[in-house]
Structure formats: structure tokens, C-alpha cells
Amino acid sequence: MHRYIITRLLLALPTLAGAAALVFILMRLIPGDVCVIRLGSGGAHLNQDALDLCHKQLGLDQPIVVQFLTYLKNLALFDFGISMWSGNPVWQEILLRLPVSLEVAILATVIAILLAIPLGTLSALKENSALDHVVRVLAIAGIATPSFWLGIMSLILVLNVSAAITGSPWLPPIDYVPLWKDPLYNLSIVLLPAITVGYRYSAVTMRLTRSAMLEVMREDYIRTARAKGLLEQIVVNRHALKNALLPVVTLIGIEFAFLIGGLVVTEQVFNLNGIGRLLVQAVQNQDNVLAQALVMLVVLVFVIVNLVVDLLYAWLDPRIRYS
Amino acid sequence: MSVRMNIWTAGLGLAAAVAFNPAWAESPKQGGMLTYVIPADAPPSFDAHRETTYATIHSAAPYYSVLIRVPPDNPASTTEFVCDLCTEMPKPTDGGKTYTFKIREGVKFHDGSKLTAQDVALSWQYIVKPPKGVVSARQSFYEMVESVQAIDDTTVVFKLKYATTAFLPALADPYSWIYKKEILEKDPHWFEKNIMGSGPFKLVTYEVGQSIKGERNKDYYHKGLPHLDGILGIFADKQSVRVDAIKADRASIEFRGLPPSARDQLTKELGDKVWVQDSDWNCGNILTPNHQKKPFDDVRVRKALALAIDQWKGAPALAKIANVRTVGGIVFPGSPLAATKAELEQYPGFWPDIEKSRAEAKRLLKEAGAEGLKFELLNRNVDQPYKFVGTWVIGEWKKIGLQVEQKVVPTGPWFSNMRAGTFDVALEANCQSVVNPVLDTGKYLPHKVFPDNYGYYDDPKSIELYEAMQKETDPAKQRIAMRAYEKQTMDTEVHEIVLPYWYRIVMGRSYVKGWKISPSHYLNQDLANIWLDK
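Quick notes on the rules
- Residues numbered from 1 in each chain as written.
- Chains lettered and ligands numbered in written order.
- Predicted model: local features only at pLDDT ≥ 70, side-chain atom pairs only at ≥ 80, totals over all residues.
- Heavy atoms only, no water.
- Disulfide = S-S within 2.5 Å.
- Helix = DSSP H or I, 4+ residues; strand = E, 2+ residues; numbered from the N terminus.
- Buried < 20%, exposed > 50% of the residue type's maximum accessible area, 1.4 Å probe, protein only.
- Polar contact = N/O pair within 3.5 Å; in protein donor to acceptor, adjacent residues only side chain to side chain.
- Contact = heavy atoms within 4.5 Å.
- Core = buried A, V, L, I, M, F, W, Y, C linked by side-chain atoms within 4.5 Å.
- Pairing = 2+ DSSP bridges.
- Axes fitted to C-alpha atoms, helices over the stretch in contact; angles between N-to-C directions.

Student: I'm lost on the state of the cysteines in this one. Help?
Tutor: One covalent bond between the sulfur atoms of two cysteine residues makes up a disulfide. All names here are of chain B. Tallied over the full model, the rule gives three disulfides over all chains. Disulfide pairing is shown between Cys283 and Cys431; the S-S distance is 1.7 Å. Handedness of the Cys283-Cys431 disulfide follows from its S-S torsion of about 40 degrees: it is right-handed. Within this pair, whereas Cys283 is found in strand β11 (residues 274-289), its partner Cys431 is found in strand β14 (residues 425-431), the two being separated by 148 residues in sequence. Its relative accessible area of 0% is what places Cys283 among the buried residues. Each bonded cysteine of chain B is numbered by sequence order, and under that numbering the disulfide pairs are 1-2, 3-4.

Shown next as C-alpha cells:
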């Protein structure tokens, strides 16, 4: 198993290197210049001397090949560089935002799992019943509804309902406080975004759980288990669900990895200072160093999550053995 | 509840049409914490000398002092400046070439150290002529300055190369914060990440991209100020967040400006729980034809583009949905140097008879062989007001048979296309802080003398007219000189087409008092005068 993990991690290196090269090239293909945006965005006349100095300070006066080689060398040394926009170390910028994104992602994942697996399973077990129809409608609505729209709607709902009840509109706080500083205040900030994201997430997972369960429940070994006289609860939980969860776990993993950097609009709607918002800012400001590091972070999260998912397979299905 | 001053009829030279709240006459209450939203993610740095974004001002201006400024009790004035760190506004000597400022005594930086004329002089030296390796974003504003010297601990002398009316407004620039000499000499980049000022508030915490919190500076030199115990600025780049925050009283005010739709929504829903202040904005969209590209090298085509636009009818209609309102020329409409309506009506695009104007546009296009011309309008991917204005202009051009496609791109590529000259016509903006017509109109000079101009034309006559205007110190003569320069820019050569000026709408909860709107979101942001009536 250890050997397998090490091999997988080593195999991730070419993936990371390829991603690094790709993101470096793509960022340079976007026309524009961080210095021009910074020095010419308003309230000043663009000054060529200041522009030249800015380019020099950021290393943008170097040939592109030199910039690329420097980037690769620094990456190999785990030096992600300095943000071209803020001048802060990139790791510092990321560490500031990562807890927010992680918290929403974890909470949304928990909500999604708690909703999707029981409802998806019940939906499959009670196929074509009223419950099944309700769950399917819920799931399809969740897939069809963008989470940012749901976020906006939920805020409007909260504002209007609170205004109707108390006479003055209420809104969750917009200034983030970490969980360990004030858990209740923190939850009042992240709960709504986590629910809106978790609902969409659960909808996809619910559909997959249902279809996987339907497939498994028609397998011969389920019939055998029932023929042996096992309780239906044991048949479902131990024999059917565990097997049906294989594709579901993959989906949960991919969705979780996506949430780390993909909550761009949701983070904006709820004013959360997370990784997704930072990535958009970095691209808008043409902060190539920060954007590269963030994309690499997302790639790394995908690689790790995929590995964890593969390891979970072995736990879920004893026939799978890694060596 | 509110009284608006129409700039055309009032004739006061005020750009602002301000809604006054009578409660400002009340005596201010001390205490309380003001929470406000900053419409940005985070400033790139806290060093106002090097930054150009309002995010730096809205975040950190309350922690700094400046030498002079627009009056906080009348920031709408385009001609009045008052002391902040100086004791009285000096009378220039040496034929208008020397200004001697006496600096207040007893002013302390937030670390308790004494602020002297040495700090003021060095800060200004870094702005005017930065040492190697230091960026000063507004260095070009101060080309008239020969030297800045501290004679002693209470006197700073500015010597100019030539007398100009541009100097005092430039000196009141809100980015010209006074830094501590000792730190500046040791590490000029220190102020990028740290704050050490002498302003009305002291920094408590800064959470990058989240919030910035300050507390009252008990040693503040303006007696009785600030009124607030503290301030909390929350970064919120999305407009819906800011509007909802004001609605739910999570924030009391947003200082940059909201669009008319947000104003209408909030006033409808909150009634007298909010106030609105509005003002013409020292920002304007301009259309820049690329003179290097055919047929925009032909003045007849450029003139036709201007003649097609019905400014007088378009501005009020557009004002209902976009942050624009007042028709103007190259000078901010509230300034004494601005064109009157009668003067504007002489320029193409401002004729009172739009049918006649469009007929002339068609004639000129036919004469230039450019009937049914197809081209691209380069625009910035910013809703307010760029995309609204761009869409309106294209509609106007369609009326003379032009087929124009709007190419909307993010800020980076927008700048990049303009700088590379890879566009047909660009919709850009001339956005300034203190109303300083001499400097503000530098934008219309040819690219070779003003690199921020993207029309790529050469026009020695324009340069000559500008220089004559720039060095004229008699107000009446300067006004005439400005008209000549404006006519050359907007009529004779139609180098640029000036569109209606932006309109600033600021909303706050009704208990927020003491703050007055100015023609720029960069101005009057030290928050010292604000108090809470609750």
C-alpha cells in the first residue's frame, strides 16, 4: 500500500509539471499588464518611468524563457513567489483564504452526503413511488439551478422574511470571523453558502446514488443475500449500499476538489474571501504569479483527492487491492 | 428633505447637486463605530504615493494627514482648498512661484513621535521626484515644482518653475499622505504594507481582503475630531452585497457610488432610513477614434461620429439607468473653466437640432466615402457606466447608418489594446480626483507628449494651445485659452468625443451624519467629521 501511494505521488509530478507549463503559457496569452492596471486605473496619469520600474521590480522586463525557467526552478523549491499585485508572499495570500474555502467545502460536502445518500437510496428502494418522484424532482431542480442564483434567492428570502417578521431586514454578517474565534458568528456566515452549494452538490450525488443503487439491487448477489434470509436492512446497508457507493465516492471527491477553487460566484454573492474569489482577482489583475500558484493548488487538490478516492475503493470493495 | 442645486441655473461653479440633510446642522454626537463597505477586494498596497486605486484611499485615508485638501464641510467646491497640516493657506510670492507653508505644531504620528516640516518636505520630495527604485504614480502632476524644502521644523517651501493655477489643486491631491521621514529614509517600501500616519484614526487590525479596523486617535490635532470611536471598512466587491448590507444595516454607508437602480431600490424599501447624496463626478467617458487607422484619420469621419450622438436627449435618458448625467466638454462641468451650454452647442454632437446634426454627419460620411462604415467599439467589461454608455452610443451611430460591434473585454486587454493601438474606436474614461482642469485636460494632448492618450494623433497646434492655457494665471484669460484648446480637441480636429459626465450617488443610513459628497470618490475620505445620530 505504501509503495502504491508513493508511486501515485511520483506519477503526479509530471501532471503537476504539465499543469505548471500550461498555466504559465495561458496566463501570458491574456493580453494586458499588471503594472498598467495598477498604475493607470484612475486618479493618475500613466508614467513611463514608473511603468518601467514596476516591470523591473516584478521581473517582467526579463525574456519570457527566463521567466519560465525561474518559475519552474522556484516551483521545484516550493517557492511560489510574491504576488505581483499585493507584494505579499503567495503562500500567505493562499493561507489567508484557504480556511474559508475549506470550511464551506467541508460543510457543503457534509450537507450533500447527509442529503444525497439517504434520499438517493430511499428513492431507489421505493422506485416510482411518491417519495421517489419527490426526490427526483428535488435532484433535477438542484442540478438545473446554479448555486449562485440560489444564493441570491436565499439572501432575498432571508431579507424579506426577517423584514416581515421583525420589521427590519436581517442578513448574515459580511465580515468573516474564523470558526475558532466565534463559532456561532462564523456559522451564521458560512451556513447559507454551504446549504446553497451543498444542495446542488447533493442533487448530483443523489441522482448517482439512486441509479447505482438501482443497478446493484438487481444484481445476483443481492438476490442471493435475500434468499439466504438476511434482513432487508443488512442487504441494503452491507451488500448493496457499500457496492453502490463506489462511483458515488468518486463523484464526491471530484466535487469536493472543485469546491476548493470553484466557488467563485458563490463567494462573491456571500462576500466570502475564499480561494475562488482570489483566483478571479488574480486573473483580473493579471497577477500571473498568484494565478499560477492557485491553479497549481487546485491541481494538487485534485491529485490528492483522486488518490484518497482510490484508497477508499479498497475499503469499500475488499476485492480491490493495491500493491 | 433634499435640495438640489442645478449647476446650469445656480451658476456657482459647483459640480455637485447635493441633497442636504438638515440634521447636519445639529451638534455632533461623540462615539460609536462606523461600519462601511469598500467596493473592492483589497488595495494592492497601502502606499498612496504609488497606488492609483480608490481601494487604497477608502481603506487607509482615515489614518493619514495631508498638507492641504478640499474643505471637508464643502468638498463640492472646485476652487476652495484648506489646510490640514498647515496653519493657513499661503499667499504665493515671487510672481506666484513660491509657496511657504507653516506646519502645525504638536502634531503626532500614531507612534507618538512628533510630525514636523521635515516629514512633510520629504514626503513631498518622494512624490515630486521619487528616488531610484520608488514609484510615484502622480509624479507628472508636479512637473511645475522645482523644489520642496523644509526651512525649519515648522516651514515648508515649494518653489515652482513657473506660476500655474494647477499647483494648489495638485497639492490637495488626496493620495499625498504625509509619511514619517525616519521610516521613509530607512525603507521607502515600508508604507506599502504598514500604516503609520497622523490622521484621525489609528489602525487596529487589517484582515487582507476582509476588513480594516481603526480606533479614534485621541491626539488628533483638529480639536473635537474625530467624532467616532472607531471605523470598520469591510471589503465587498460585489454590488448586491453592498446594497444588501446597507439594507440590513450590516453597513451604514458605501462611499464610492451606487447606480440609479440601487438608489431607487433602497429608497423605496427603506424610505427615510436612508439618505441619498448625489453629485456630478469628475469622471467622464470619452470616445477615442484611433487616428492611425483608416478612415478615422479623416476628420470628417470623426466629426460624423460626434454629430450622430444626441447628447442633450441621451444624457437624461441614460441617467435613469446608468451613472451618468451632465453634458460637458473637456472641463468638469462645475469648474469656472468649463464650457457653458451655449458654448457647448457650437461643437459637433452638441448641436441643439439633432436632425440637422445627423444630416450633416451623413453628408460628411458620404463625402469621405465612409457611408455604412463598419467598425468595432472597444469597451471595458465594467457595467457602470461603460457598457451602458457603449450600447447607447452604438444605437446613436446606427441612426446614421454605421454598423458598429461592441468588443467588451476585461480591464487588462482593454488597456493592452489601447496601448498597442489595436482598436478602431475605444470607449475610455478620464477619471480624476481634485478638480484641476489644467491637469485633467492633459488627457487630450497627443500621445507623444501625454502617453495616456490613445488617439495616436500628432497635433502641434493642440500642444501650443494647451501650453498657453496651462501657463495663464489670469482666470478670464485662462478661460478663453481653455476654450481655444477645447475647440481644437472637440470641434476643429475632433480628436476625442466627450460623452456625459458620470454621476455619483452615495447612500447611507439616516443616522450617519457629517459627511458630504464631493465630485470624486477619492476626496473627503478621512471620515473625521462623520458622527452617528443613534
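Student: Would you explain the side chain of B:Asp41 in this entry?
Tutor: Mapped onto the elements, B:Asp41 comes out in the loop between β1 (33-38) and α2 (54-60). The exposure class assigned to B:Asp41 is buried, which follows from its relative accessible area of 16%. Reaching out from B:Asp41, the side chain makes a polar contact with the side chain of A:Arg277 at a distance of 3.4 Å. Within the structure, B:Asp41 has its side chain in polar contact with the side chain of A:Gln281 (distance 3.0 Å). In this view, B:Asp41 contacts A:Arg277, A:Gln281, B:Gly209, B:Phe235 and B:Asp237; residues no more than four positions away in its chain are not counted.

Student: Whenever I open this one, the nonpolar core confuses me. Can you help?
Tutor: In terms of nonpolar packing, the biggest core is built from 110 residues, with B:Leu34, B:Leu67, B:Trp124 and B:Phe158 touching the most fellow members. If you tally residues by element for this core, the top one is helix α3 (residues 117-128) of chain B, at eight residues. Among residues more than four places away in sequence, those in contact with B:Phe158 are B:Leu67, B:Lys97, B:Thr98, B:Tyr99, B:Phe101, B:Trp124, B:Val145, B:Ser147, B:Val148, B:Phe167 and B:Leu171. The next biggest cluster of nonpolar side chains, apart from the first, holds 71 residues, and it includes A:Ala12, A:Leu75, A:Ile189 and A:Leu263.

Student: Got a minute to help me understand the sheet that holds β11(B) in this structure?
Tutor: Two strands in a sheet stick together by hydrogen bonds in their backbones, pointing the same way (parallel) or opposite ways (antiparallel). All names here are of chain B. The strand order across the open sheet formed by ten strands is β7-β8-β9-β1-β10-β15-β11-β14-β12-β13, and the pairing between neighbours is mixed. What marks the edges here is a single partner per strand, and that holds for β7 (201-207) and β13 (403-409). Alignment of β1 against strand β10 (residues 253-254), held across two bridges, turns out to be parallel. Within β10, the residue paired with Tyr36 across the bridge is Ile253. Across the sheet, helix α8 (residues 260-270) lies against β11 and β15 (497-509), angled at about 25 degrees from β15, the strand it touches most.

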